[in-house]
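As a plain string of letters, each chain reads:
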Amino acid sequence: MQGEEQQTVPVTVMRGLDRDDMQSQSFDVPFVPGMSVLDALIWIRGHADPSLAIRYSCINANACKECSVMVDGQVEYACTARLTPAGATVAPLENKTVIRDLVTDLAPSRERLDKLLASRR
Amino acid sequence: MTHLETDVLVIGAGAAGMYAAMAAAGEGADVLLLDKSLIGRGGATIMAQMTVAVALGEQDEDDWRRHLDDTLKAGRGICNEELSAILCHDAPARIREMDGWKVGWARDPGNDRIACVKAPGHSAKRCVYVDFLDTGPAIAQTLRTRVGRTRGVTRLSGMSVRDLTSDGGRVVGAVAVNVEDGRVVTVAAKAVILAAGGLTKLFQRNSASTNMGGDAYALALRAGADLVDMEFPQFFPIGHLAPRLVGMDPIMWDPFRYKLGGRLLNGRMEEFMHTYGEVDDGTYNAPRDITSYAIVKENEAGRGSPAGGAYLSFTHVPEEELRAAFGPTIDLLLKNGIDLTRDAVEVAPIAHFHMGGVRVDGRLRASVPGLYAAGEAVGGANGANRLSGNALSEAMVFGERAGRTAAQDVAGTAQGWTEAAAAPALALLDQVRARAQATPEGAVAETTRTWRDLQALMWDKVGLMRTEDGLTEALGEIRAMSAALPDLTLARGARFNSVVEEWFELRGALQCAEAVTLSALNRRESRGAHQRLDYVQTDPSFERNQVVRLRDGRLESEWVALTRIDPARFEEEEAA
Ligand SMILES: Cc1cc2nc3c(=O)[nH]c(=O)nc-3n(C[C@H](O)[C@H](O)[C@H](O)COP(=O)(O)OP(=O)(O)OC[C@H]3O[C@@H](n4cnc5c(N)ncnc54)[C@H](O)[C@@H]3O)c2cc1C
Ligand code: FES
C-alpha cells in the first residue's frame, strides 16, 4: 500500500464482452486533486489490472473524442470528467455495441472491416 | 484470416496519411488507408493546437527560400537540404489547397489576408493557425471529410499493422490485426506508405497520444530499411507541468507566448534566460533546444519551480487582452482553477517530436523498394532541431508527394505478394495469441509495467542530458528488456486485447529505443536537441548524418555525408 497520507477513492468499472452480461469491479485508486476519470482508468491498467479495456488516444487534450463513456450515468469524455473524492462508476456508452469492458463500437460504419467484407460479398 | 489487395497501402491516418491517400487516388491508384486508432483521430495531427509554418508572404515579405534558410539554421547544419527544400517549397500550395477546402485559417480583421504570427526561429511572420487553438483539429476534420469523399480510397479504423511483408528485397504488403475482434488481415500492396507518426511516447514526460510509440520506425527497420538522425527527439521546453490540467494539450502555452509574450521565471521568480546567452524579457524568441537546456540547468542548480520546472507568468497581461487572444480557453483554465491574472503555471521540457526517422530520397522513397514514408515518420528535413510549425507543413507536403510518387511508381505493375513472405509475421501472431490464451487465471499482465520502465529509462538516461555512461547503461537495459519480452505475462481474449496490443507496441518501441540510444552514444558532441554533458561543444567533424539499420537481427550504424542542394537549381528542377 501507499503511504498513509495517500487518499484512495473507489472507482467501479463495468466489465465484460456482452452488454447483458457485465460484471462490476471496484478498485481503490490513489487520488490526486484535479485528476480525470481517464487518469484513474489508466492507473488501474498500469497498477492493478492491465487487461481492463478502454479506448482513448489523446489522453488529456480533449481532441480525439475516443474516450466517451458513461460516468455515474452521464455521457462524458473520460479525459475531461474530473474524478471527485467520492469516486465514480464507469460504464460503456448505452447506445453502442459493447466490444469489451468500456470499449464500444465507435468507428463510423464505413471504416469498419466487417462492413467492408460484407459489401464485397 | 482475411486477405485484402490494394495498389497503395497507407499505414496511419494523420495529416500525412490522409494526404497521401488522396494524392495516390488522384493518380488513379486503388488505396487502402489503415489506422490502429480511428481514422484522423489517433495521432499528433488532431492534437496540434498551434501553427503551421508556410511562406505565403501575406504579412511580411517572404518566400520559400527564406523559410528554407531559417529551417536549415534551426537544424544546426545537418538537415537533409533536399527534404527541407521540398517542405518549404511545397508548403504554400498545400496551405492554399487547405484554404480552398475551408479549413478556416484565421484572417486579419477587416481584410481577407491570412493571419500569420512569428514563431521562434522564423525571420518573418509566417505561421498560420485556426482559432482558438484549433489548428490540428481543423486540419484533421477537413482531411477526414475530403478523404471520405475521395473515390478509390478505402478507410479502415482499428487496424493495427504488425509487420511489413517483403519478398526478394521488395516490400509487398503488410500483416495487420483488426483490434476489435482480433482477426488477422493480410494486405497485398504494390507500394506501402508509412505515415504512422512519431515515437515521443518512449519518454516519460511527453505530449504523445497513446499511439505514438514508434511503430513507423520499427516497421521500417524490420523491413530492412535505413533510419536516419535517430539521436534527435525534440524536447518542447515549456510543456505544462502543474497544476493538473485536463482538456488541453500540454503544448498549449506555446500559442500563449506567441500572442502575449509571458515571462519565463525560475523558482525564485527571476528571469534566467540571459544566463544562457538568450533574452526572455517577455519575448518568445529563444530556440527550443536552448530553453530546454536552461530549464534543466536551473533545476540542477536548485533554482527550479516546486514541481521541477520553471514558472510561466502572464499576470502582467490585462484580462481584456487575455480574453481577446484566447476567448473560451481562459474559461477552460478557470474551470481548472487557473486564473492567469493571478497565478503563474509551472512548465518543463517534454518530448514532443522526432526529427529522425525513415531515410528517404526526394520522392519519399525509402531505401527498400516498394516502401515510402511521409510525415513525422520521415527523418532529415529538420536536422538537429525543428522550427515550430514545420511539422504540420511536413506532414501535408510529404504526404502529398509520397502518395503521388508511390501511385506513379506502381501504375501498371503486378502484385508481388507471396504467402511465404507473410509466414514469419503470421507465425509470431499465432505464437503470441497462444501465449495470451494460456495466461493463468488471476495472473497480472506485465506489458504496462514494462512500458513504464522503458519510459523512465529513456527519460533519465536518453533524455535531455546524455552521457557516455548513462547511454551505455541504457543500451544494456534496453537489450535486456527486449530479451525478456517473450516471457512477459499477457492476458486472455481476442477482442480489443490491449495487453497483446501493448506487447507488439513494446517490441517496436524497444527497437526504436535501441536505435535512439545507439545513435546518441555514437554522436560524441552536442548539437541541437542532442546534448551530451561529456561533449558539450558542437564539433564540425560531426556535420554528418547517422544511419541505422537492422542486419541479421543486430542494429548497425553508419555515418553518411550531408545532402546539400543549390536552391536555385532546385527551383528550376521543380518548375520543370
Ligand atoms: C500535442 C502536440 C501538438 C503539436 N502542435 C504542433 C503545431 O502546432 N504545429 C506543428 O507544425 N506541429 C505540431 N505538432 C507536431 C505535429 O502535430 C506532428 O508532427 C504531425 O501531426 C504528424 O503527422 P503524421 O500524419 O505524420 O502523424 P500522426 O498525426 O501522428 O498520425 C499517425 C497515425 O498513425 C497511426 N498508427 C501508428 N502506428 C500504427 C500502426 N502500427 N498501424 C496502423 N496505424 C498506426 C496512429 O494511430 C496515428 O493516427 C504537435 C504534436 C503534438 C503531439
Ligand atoms: S482521450 Fe482524446 S478526447 Fe479523451
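Residues numbered from 1 in each chain as written. Chains lettered and ligands numbered in written order. Predicted model: local features only at pLDDT ≥ 70, side-chain atom pairs only at ≥ 80, totals over all residues. Heavy atoms only, no water.

Caption draft 1: How the structure looks around the overall build of chain B. What chain B contains, in helices and strands, is 15 helices and 17 strands. Dimensions of chain B, computed from the C-alpha atoms along their principal axes, are close to 65 × 55 × 50 Å. In chain B, which comprises 576 residues, the proportion classed as buried is 63%. Considering only contacts within chain B whose residues lie at least 6 apart along the sequence, 74% involve residues at least 24 apart. (Helix = DSSP H or I, 4+ residues; strand = E, 2+ residues; numbered from the N terminus. Buried < 20%, exposed > 50% of the residue type's maximum accessible area, 1.4 Å probe, protein only. Contact = heavy atoms within 4.5 Å.)

Caption draft 2: Structural context of the site of ligand 1. Residues and elements named next belong to chain B. Close to ligand 1 lie 39 residues, the nearest being Asp 35, Thr 45, Thr 51, Asp 215 and Glu 376. In the model, an oxygen atom of ligand 1 is placed 2.5 Å from a nitrogen or oxygen of the Thr 45 side chain. One nitrogen or oxygen atom from the main chain of Met 50 is found 3.0 Å from an oxygen atom belonging to ligand 1. Burial of ligand 1 by the protein chains amounts to 99% of its free accessible area of 1000 Å². (Near = heavy atom within 4 Å. Polar contact = N/O pair within 3.5 Å; in protein donor to acceptor, adjacent residues only side chain to side chain. Areas by Shrake-Rupley, 256 points an atom, 1.4 Å probe, with all protein chains shown as cover.)

Caption draft 3: Inspection of the environment of Phe 504 of chain B at higher detail. Residue and element names in this part refer to chain B. Along the chain, Phe 504 turns up in helix α14 (residues 498–522). Classification of Phe 504 as buried rests on a relative accessible area of 7%. For the pair Phe 504 and His 3, spaced 501 residues apart in the sequence, the C-alpha separation amounts to 21 Å. Among residues more than four places away in sequence, those in contact with Phe 504 are Arg 162, Leu 428, Leu 429 and Val 432.

Caption draft 4: Inspection of the sheet that holds strand β3 (residues 68–71) of chain A at higher detail. Residue and element names in this part refer to chain A. With respect to topology, five strands assemble into an open sheet ordered β2-β1-β5-β3-β4, the strand pairing being mixed. Since the sheet does not close on itself, it has two edges, and those belong to β2 (23–30) and β4 (74–77), each with one partner. If you compare each strand with its neighbour and ignore which way they point, the axes differ by 35 degrees on average. Note that β3 and β4 share four bridges and pair antiparallel. Looking at β4, one finds that Val 71 is bridged to Gln 74. Contacting β1 (8–15), β2, β3 and β5 (88–91), helix α1 (residues 37–48) crosses the sheet at an angle of about 95 degrees to β2. (Pairing = 2+ DSSP bridges. Axes fitted to C-alpha atoms, helices over the stretch in contact; angles between N-to-C directions.)

Caption draft 5: Examining the pairing of strand β12 (residues 310–313) of chain B more closely. All names here are of chain B. Taking every second residue as pointing to the same face, both faces of β12 are buried, with Ala 310 and Leu 312 on one and Tyr 311 and Ser 313 on the other. Where strand β11 (residues 263–265) and β12 come together, three bridges link them in antiparallel fashion. Counted as the bridge partner of Leu 265 is Tyr 311 from β12.

Caption draft 6: Examining the confidence of the model for chain B more closely. On average, residues of chain B score 96 in pLDDT, and 100% of them are at 70 or above. Confidence estimates for the predicted assembly give a pTM of 0.97 and an ipTM of 0.95. (pLDDT = per-residue confidence, 0-100.)

Caption draft 7: Structural view of the packing of aromatic side chains. Residues and elements named next belong to chain B. Taken as a whole, this structure holds 12 aromatic pairs over all chains when the rule is applied. An aromatic cluster of at least three residues, connected via ring pairs, comprises Trp 253, Phe 256, Phe 314 and Phe 326. Directly above the aromatic system of Trp 451 lies the positively charged group of Lys 201, at a separation of 4.6 Å from the ring centroid. Over the ring of Phe 326 we find Lys 259, and its NZ or CZ is 4.9 Å from the ring centre. (Phe/Tyr/Trp six-rings, centres within 6.5 Å; stacked < 30°, edge-to-face > 60°. Lys NZ or Arg CZ within 6 Å of the ring centre and 35° of its normal.)

Caption draft 8: How the structure looks around the pattern of salt bridges. Residues and elements named next belong to chain B. Summed over all chains, the structure comprises 56 salt bridges over all chains. For the salt bridge of Arg 507 with Asp 163, the shortest nitrogen-to-oxygen distance reads 3.0 Å. With Arg 507 in helix α14 and Asp 163 in strand β6 (residues 159–167), this pair connects stretches of sequence that are 344 residues apart. Each member of the pair, Arg 507 as well as Asp 163, is classed as buried. With its nearest N and O atoms 3.8 Å apart, the salt bridge here joins Asp 181 to Arg 183. The class of Arg 183 is partly exposed, set by a relative accessible area of 34%. Through salt bridges that share partners, Asp 226, Arg 359, Arg 549, Glu 556 and Glu 558 make up one connected network. (Salt bridge = Lys/Arg side-chain N within 4 Å of Asp/Glu carboxyl O.)

Caption draft 9: Structural view of the sheet that holds strand β16 (residues 545–551) of chain B. Residues and elements named next belong to chain B. Strand order in the open sheet formed by four strands is β14-β9-β16-β17, with antiparallel pairing between adjacent strands. Where the open sheet ends on each side, the last strands, each with one partner, are β14 (357–358) and β17 (554–560). When strand β9 (residues 227–228) meets β14, the two strands line up antiparallel, connected through two bridges. The residue of β14 that forms the bridge with Val 228 is Gly 357. In this fold helix α5 (residues 215–222) packs onto β9, β14, β16 and β17, with an angle of close to 60 degrees to the strand it touches most, β16. Its contacts with the sheet place α14 against β16 and β17, and it is angled at close to 40 degrees to β17.

Caption draft 10: The pairing of β6 of chain B, seen in detail. All names here are of chain B. When you tally the buried positions in β6, you get seven out of nine residues, the bulk of the element. Relative to strand β7 (residues 170–178), β6 is paired through eight bridges, and the arrangement is antiparallel. Residue pairing for β7: Asp 167 is matched across the bridge by Arg 170. Between β6 and the antiparallel strand that follows it, β7, lie two residues; Gly 168 among them carries a positive phi value of about 55 degrees.

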